Amino acid sequence: MGNVLVVTEVQAGELRDSATYPTISFAQRAAEASGGDVYALVPADGADDIAEEVAERGVDHVLVADDPAFDDYIAERIAPVVAEVARAIDAEVVCGPSSAQGSDYLPRTAQHLEAGMVTNGMDVWDDDGLKFKRPIWSGSVLKTVDINTPSKVVSVRTTDFDDPEATDPAPIEAVDVSIPERDDVEHVEIEIVESERPELTDADVVISGGRGLESADAFDMLEEMADLFGGAVGASRAAVDSGYAPNDWQIGQTGKVVAPGLYVAVAISGAIQHLSGMKGSQNIVAINTDEEAPIFEVADYGLVEDAFQAVPEMNEKLRELGLGED
Ligand SMILES: Cc1cc2nc3c(=O)[nH]c(=O)nc-3n(C[C@H](O)[C@H](O)[C@H](O)COP(=O)(O)OP(=O)(O)OC[C@H]3O[C@@H](n4cnc5c(N)ncnc54)[C@H](O)[C@@H]3O)c2cc1C
């Protein structure tokens, strides 16, 4: 029987529930397979409210490491704390979201625990020991992984999991942890991009543009469509590299992974590295002048047309349908 430790993600004092809740769903599945309990660790400064939120999300125990040192995120500080708590609860599986933060501290946690690690974990089950599923080659191959170390660290691909059901609150317990003093690393600043639009990874509709748009100005019509839907705007790496769209809009293997209800790919060819960031979307619409473009192979609806013709017309129709009205 092995317990499962799930690390909640906190940014600027706020719970990132879009990253944390699907990770709890993974942790529940891991605990079912290992026969243990799910422990949620809340490492934060002023963690009480966050702990209460998490306690009602299907975990068995909430452990609070409340310390001002967590105010400024540093991987080198959090990784040994997670490892210490994992040892204390005899965790077989330690998991967190495969977000920027999770991808930063989880490998360090694995090193502290001398544990094997799975990145972008998509599934876990018991088959004479725990087995994990993860994508390789931009998601074109799914691999089953067996980790031979007693504790196992997993960064979870959150788009593969729904939020857990709300439950009666689990007990909350404060834990004393030794937070290492580090003078070799220092938190300088975190810049959070403010936007009226939903986070790309949370949005139910994503309107995404590619290099075929040929300018940053052309993204205006995509932003207009996103605002009519109340959605977010994304971009291919080629569009970002060409300076048409900011870095934090990039979707794909080296960008964000999204799985919205509706993904509209405008002037995007559909390279495998882009597909790996969006092919889990429920409905994919592709607009491209090239009927041979690979994006049409994954699209549910395809339109072979010039984006500069199609997108303004679609925006007009959406307005006629009353979208965008409060
Ligand atoms: C290691 C590695 C990692 C990578 N990571 C990523 C990643 O995270 N995300 C990512 O997106 N890419 C990534 N790439 C790059 C990827 O291989 C492609 O180069 C990129 O996705 C292409 O972007 P695009 O579709 O916008 O551009 P293009 O491939 O140039 O396609 C432009 C498309 O626009 C169409 N078009 C042109 N004009 C119009 C018009 N007026 N109306 C409608 N359609 C039009 C064209 O027919 C074409 O299909 C990565 C590559 C590598 C090697």
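Cut-offs used in this document
Residues numbered from 1 in each chain as written. Predicted model: local features only at pLDDT ≥ 70, side-chain atom pairs only at ≥ 80, totals over all residues. Heavy atoms only, no water. Salt bridge = Lys/Arg side-chain N within 4 Å of Asp/Glu carboxyl O. Helix = DSSP H or I, 4+ residues; strand = E, 2+ residues; numbered from the N terminus. Buried < 20%, exposed > 50% of the residue type's maximum accessible area, 1.4 Å probe, protein only. Pairing = 2+ DSSP bridges. Axes fitted to C-alpha atoms, helices over the stretch in contact; angles between N-to-C directions. Contact = heavy atoms within 4.5 Å. Near = heavy atom within 4 Å. Polar contact = N/O pair within 3.5 Å; in protein donor to acceptor, adjacent residues only side chain to side chain. Areas by Shrake-Rupley, 256 points an atom, 1.4 Å probe, with all protein chains shown as cover.

Caption draft 1: View of the pattern of salt bridges. Summed over the entire model, instances satisfying the criterion amount to 14 salt bridges. Measuring nitrogen to oxygen at the nearest pair gives 3.3 Å for the salt bridge that ties Arg108 to Glu76. Highlighted residues: Arg108 in helix α4 (residues 100-113) and Glu76 in helix α3 (residues 75-88), separated in sequence by 32 residues. Among the residues examined, Arg108 registers a relative accessible area of 31% and is labelled partly exposed. Take Glu76: its relative accessible area is 17%, and that puts it in the buried class.

Caption draft 2: Broad picture of the pairing of strand β15 (residues 262-266). Counting buried residues in β15 gives 5 out of 5 residues, a clear majority hidden from the surface. With burial as the criterion, each face of β15 is covered, one bearing Leu262, Val264 and Val266 and the other bearing Tyr263 and Ala265. Note: strand β13 (residues 205-209) against β15, 5 bridges, orientation parallel. Across the sheet, residue Ile207 finds its bridge partner in β15, namely Val264. Of the pairings in the sheet, the one linking β15 to strand β16 (residues 283-288) comprises 5 bridges and is parallel in character.

Caption draft 3: Structural context of the sheet that holds β13. Judged by pairing direction, the sheet is parallel, and its 5 strands sit side by side in the order β14-β13-β15-β16-β17 without closing on themselves. Only two strands of the sheet have a single partner each, and these edge strands are β14 (232-235) and β17 (301-304). Strand-to-strand, the axes of this sheet are offset by a mean angle of 15 degrees, without reference to chain direction. Sheet contacts for helix α5 (residues 219-229): β13, β14 and β15; angle to β13, the most-contacted strand, approximately 175 degrees.

Caption draft 4: Region of the structure containing the site of the ligand. If you check the shell around the ligand, you find 25 residues, and the closest are Arg211, Ser236, Thr254, Ser269 and Asn288. Between the ligand and the protein, one listed contact pairs an oxygen atom with a backbone N or O atom of Arg211 at 2.7 Å. A distance of 2.8 Å separates a nitrogen atom of the ligand from a polar atom in the backbone of Ala307. Calculation on the ligand without its partners gives an accessible area of 990 Å², and the protein chains cover 75% of this total.

Interpretation in functional terms is not warranted from these geometric data alone.
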